[in-house]
Amino acid sequence: MRKAIITISVIVIVCLFGIGGCSYWWLNKTASGIRTVKNFQSETSNGIEREITVYNADGKPIMHFKGKFDVSHSNRSLQYVDQHNHKHNIYFGDNTTVIVNELK
């Protein structure tokens, strides 16, 4: 009986270390895992430090914003809420480029 309990305990510990190792690998070494970590950080810390730049058809910047915020986008719009709880919507057309960079 005692030998069975020890065997089961060893199997459980090995399985837990295996699951932990696989989880660590997935969260730190795969693109989807890294995105998951970034999304969690953004959700729990009220956004990530980013900058948004909007360029016109000639490649000239027409808007630039830097701050800590979370960004969402749809077909032709980009929405974000800044540190002062102001919601911003950027609507862009065929000849507009919007670049969102994460700052470290």
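In this report, we go over the structure that sits alongside the text.

Reading the values: the criteria
- Residues numbered from 1 in each chain as written.
- Predicted model: local features only at pLDDT ≥ 70, side-chain atom pairs only at ≥ 80, totals over all residues.
- Heavy atoms only, no water.
- Pairing = 2+ DSSP bridges.
- Helix = DSSP H or I, 4+ residues; strand = E, 2+ residues; numbered from the N terminus.
- Axes fitted to C-alpha atoms, helices over the stretch in contact; angles between N-to-C directions.
- Contact = heavy atoms within 4.5 Å.
- Expected span 1.5 Å × (residues − 1).
- Phe/Tyr/Trp six-rings, centres within 6.5 Å; stacked < 30°, edge-to-face > 60°.
- Buried < 20%, exposed > 50% of the residue type's maximum accessible area, 1.4 Å probe, protein only.
- Salt bridge = Lys/Arg side-chain N within 4 Å of Asp/Glu carboxyl O.

Turning our attention to the sheet that holds strand β4 (residues 87–91). Judged by pairing direction, the sheet is antiparallel, and its five strands sit side by side in the order β4-β3-β2-β1-β5 without closing on themselves. A strand with exactly one partner marks an edge of an open sheet, and here the two such strands are β4 and β5 (97–102). Direction aside, the axes of adjacent strands within the sheet are offset by 40 degrees on average. Relative to strand β2 (residues 61–74), strand β1 (residues 48–55) runs antiparallel, the two sharing eight bridges. Opposite T53, over in β2, you have H64 as the bridge partner. Docked against the sheet, helix α2 (residues 31–44) engages β1, β2 and β5, running at close to 100 degrees with respect to β1.

For an α-helix, 3.6 residues make a turn, and residues three or four places apart therefore share a direction. Here α2 spans 20 Å end to end across 14 residues, near enough to the 20 Å set by a 1.5 Å rise per residue. Downstream of α2 by one or two residues, N46 has phi in the positive range, about 60 degrees.

So, about the packing of aromatic side chains. Going through the model one piece at a time under the given rule, you end up with three aromatic pairs. On the basis of an interplanar angle of 35 degrees and a centroid distance of 4.7 Å, the ring pair of F69 and Y80 is categorised as tilted. In this pair, F69 sits in strand β2 while Y80 sits in strand β3 (residues 77–81), placing the two residues eleven residues apart along the sequence. Classification of F69 by relative accessible area gives buried; the value is 0%.

A few words on the environment of G67. Checked against the element boundaries, G67 lands in strand β2. Separated by 30 residues in sequence, G67 and V37 have C-alpha atoms that sit 20 Å apart.

Evaluated as defined, the whole model comprises two salt bridges. One salt bridge in this structure joins E102 and K38, with 2.7 Å as the shortest N-O distance. Here K38 lies in helix α2 and E102 lies in strand β5, a separation of 64 residues in the sequence. Given the relative accessible area of 33%, E102 is considered partly exposed. We classify K38 as partly exposed; its relative accessible area is 28%. The partner of R76 in a salt bridge is D94, and the shortest N-O contact between them spans 2.6 Å. Of this pair, R76 sits in the loop between β2 and β3 while D94 sits in the loop between β4 and β5, and the two are 18 residues apart along the sequence.

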